[in-house]
Amino acid sequence: MKSGTVAIIGKPNAGKSTLINTLTGTKISIVSKHPATTRFRIIGIKTTPSYQIVFVDTPGLEKPRHHLGEIMQSNVVSAIEEADVLLVVVDGSFFNEQDEEILSKIKNMKKSVIIAVNKIDKINPRAQLLPLIERISREYGVDRIVPCSALTGENIQELEKLIVENLSEGEMIFPPEYTDSFPLVYKISEIIREKVFEHVYQEIPHSIAVEVEEMKPGEKNKEVMVIIANIIVEKENQKKIVIGKDGEKLKAIGSKARKEIEVIIGKKVYLQLRVKVIEKWRDRPDISSRFGYGSI
Ligand SMILES: Nc1nc2c(ncn2[C@@H]2O[C@H](COP(=O)(O)OP(=O)(O)OP(=O)(O)O)[C@@H](O)[C@H]2O)c(=O)[nH]1
Ligand SMILES: [Mg+2]
């Protein structure tokens, strides 16, 4: 059979996480309309009788602005080094110098490179697509270019086929029943973070982290999972924003997150959210590692 790892890289907001979810058919990685959402290296596995692809979603490539940013970027670098195939996602509807910078960086790498020109559903008229593909092919010497839409699924099968063609013969890397390798508590934290992003992004862009403090079966009803999680912000006023008037925002975040968590753990969930202030946590290695962001 064929097997290998595929690192999904690209500028922030290009649609990498949406793509890993569509390629694997599972919600592996959280998505938002705002850039710099993904912080971890996130693994999604697709196994069929004839191949196994281990996809690695990565944070958007950009200049780090704080300690957390440095960790995020080092996660991308190690994902690139470890990958058999690089899947570079560019935003076809908003191709710019950020995409070009990334393409120049990978130009001379001795790895199979596939370029996904994403968001083609947003390209209007479609005739603009061909010159873009020709230009990328000419300037960066890559002929494996697939226009696609991670959102609508258009051309995703073709993309997968091309990925498989570029894998080598080998053993399975993970047991066939695995779909990801992300510890459950981080998945839960990520779901909560996604819901916080949806509700308060305008006011608090990136100073949010989530940590699950406790997860245990209910004392009275063992069928219910009790989860206590902390939403970390950097300032007192941000705490007020997350909580909202009469706790409305926090309630909405909690109820949306709870529904998704119930789906992934297959149990009723009692979710208790708290909001805590830790000043400048993104610059503190001890704190970021507590949230699972690792160290460099
Ligand atoms: N129209 C359209 N929107 C897309 C497509 N793919 C992703 N998006 C949207 O683009 C936004 C960013 O998507 P993400 O998947 O979070 O992007 P990302 O590259 O993982 O972003 P970072 O993790 O911040 O680097 C979201 O609003 C997605 O719904 C696509 O094919 N078409
Ligand atoms: Mg992402």
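Remember, it's a predicted structure, so these values are computed and weren't measured experimentally. (Residues numbered from 1 in each chain as written. Chains lettered and ligands numbered in written order. Predicted model: local features only at pLDDT ≥ 70, side-chain atom pairs only at ≥ 80, totals over all residues. Heavy atoms only, no water.)

## A word on the pairing of strand E8 (residues 209-217)
Then, number 1: Note: E8 against strand E9 (residues 224-233), eight bridges, orientation antiparallel. Across the sheet, residue Glu-211 finds its bridge partner in E9, namely Asn-230.
Then, number 2: Between E8 and the antiparallel strand that follows it, E9, lie six residues. (Pairing = 2+ DSSP bridges. Helix = DSSP H or I, 4+ residues; strand = E, 2+ residues; numbered from the N terminus.)

## Here's the deal with the packing of aromatic side chains
Then, number 1: Applying the stated rule across the entire model yields three aromatic pairs.
Then, number 2: Relative to Tyr-186, the ring of Phe-40 lies with its centre 5.6 Å away and its plane at 35°, an arrangement referred to as tilted. Separated by 146 residues along the polypeptide, Phe-40 in the loop between helix H1 (16-24) and strand E2 (42-47) and Tyr-186 in helix H6 (residues 184-200) bring together distant segments of the chain.
Then, number 3: Ring geometry for Trp-281 against Phe-291: centres 5.3 Å apart, planes inclined by 80°, an arrangement best described as edge-to-face. Placement of Trp-281 in the loop between strand E10 (268-277) and helix H9 (285-290) and of Phe-291 in the segment after H9 is noted, with a sequence separation of ten residues between them. The exposure classification of Trp-281 matches that of Phe-291, with both residues buried.
Then, number 4: The positively charged end of Arg-193 is found above the aromatic ring belonging to Phe-197, 5.7 Å away from the centroid. (Phe/Tyr/Trp six-rings, centres within 6.5 Å; stacked < 30°, edge-to-face > 60°. Buried < 20%, exposed > 50% of the residue type's maximum accessible area, 1.4 Å probe, protein only. Lys NZ or Arg CZ within 6 Å of the ring centre and 35° of its normal.)

## Section: the pattern of salt bridges
Then, number 1: The tally for this structure, following the rule as stated, stands at 25 salt bridges.
Then, number 2: Ionic pairing is found between Arg-193 and Glu-190, a salt bridge with its closest N-O pair at 3.0 Å. Residue Arg-193 and its partner Glu-190 are both found in helix H6; the two are separated by three residues, about one turn of the helix. The residues Arg-193 and Glu-190 share a single accessibility class, namely buried.
Then, number 3: Look at the salt bridges and you will find they share partners, linking Lys-27, Glu-194, Lys-195, Glu-198, Lys-256 and Glu-260 into a network. (Salt bridge = Lys/Arg side-chain N within 4 Å of Asp/Glu carboxyl O.)

## Examining the site of ligand 1
Then, number 1: Not every one of the 22 residues close to ligand 1 is listed here, only the nearest: Lys-16, Thr-18, Ala-36, Thr-37 and Asp-121.
Then, number 2: Gly-15 places a polar main-chain atom, nitrogen or oxygen, 2.9 Å from an oxygen atom of ligand 1.
Then, number 3: Relative to its unbound accessible area of 650 Å², ligand 1 is 91% covered by the protein chains.
Then, number 4: Residue composition of the shell around ligand 1, grouped by class: seven nonpolar, ten polar and five charged. (Near = heavy atom within 4 Å. Polar contact = N/O pair within 3.5 Å; in protein donor to acceptor, adjacent residues only side chain to side chain. Areas by Shrake-Rupley, 256 points an atom, 1.4 Å probe, with all protein chains shown as cover. Nonpolar A, V, L, I, M, F, W, Y, C, P; charged D, E, K, R; others polar.)

## Quick notes on the sheet that holds E9
Then, number 1: An order of E8-E9-E10 is seen for the three strands of this open sheet, with the pairing classed as mixed. Both edges of this open sheet fall to E8 and E10, since each of them pairs with a single strand only. Neighbour-to-neighbour, the strand axes of the sheet open up by a mean angle of 20°, direction not taken into account.
Then, number 2: On top of the sheet, H6 reaches E8, E9 and E10; it is set at about 130° to E8, its chief contact.
Then, number 3: Across the face of the sheet, helix H8 (residues 248-265) comes into contact with E9 and E10 while running at roughly 135° to E10. (Axes fitted to C-alpha atoms, helices over the stretch in contact; angles between N-to-C directions. Contact = heavy atoms within 4.5 Å.)

## Here's the deal with the coordination of the magnesium ion (ligand 2)
Then, number 1: Distances from the magnesium ion (ligand 2) to its protein donors, namely Ser-17 (OG) and Thr-38 (OG1), fall within the range 1.9 to 2.1 Å. With Ser-17 in helix H1 and Thr-38 in the loop between H1 and E2, this residue pair connects regions lying 21 residues apart in the sequence.
Then, number 2: Owing to a relative accessible area of 8%, Ser-17 belongs among the buried residues under this scheme. (Donors = N, O, S within 2.8 Å, 3.2 Å for Na, K, Ca; no water.)

## Some remarks on helix H3 (residues 97-106)
Then, number 1: Among all positions of H3, only Asp-99, Ile-102, Leu-103 and Ile-106 are buried. Buried residues of H3, viewed axially, fall in a sector of 100°; they line one side. Turned more than 90 degrees off the buried face of H3, the exposed positions are Glu-97 and Lys-105.
Then, number 2: Here the buried face of H3 lies against strand E1 (2-10), strand E4 (85-91), strand E5 (112-118) and helix H4 (129-140).
Then, number 3: By the N-cap criterion, in which a side-chain oxygen at the helix start approaches the backbone nitrogen of a residue two or three places on, H3 is capped by Asn-96, the distance to Gln-98 being 3.1 Å. (Arc of directions from axis to C-beta.)

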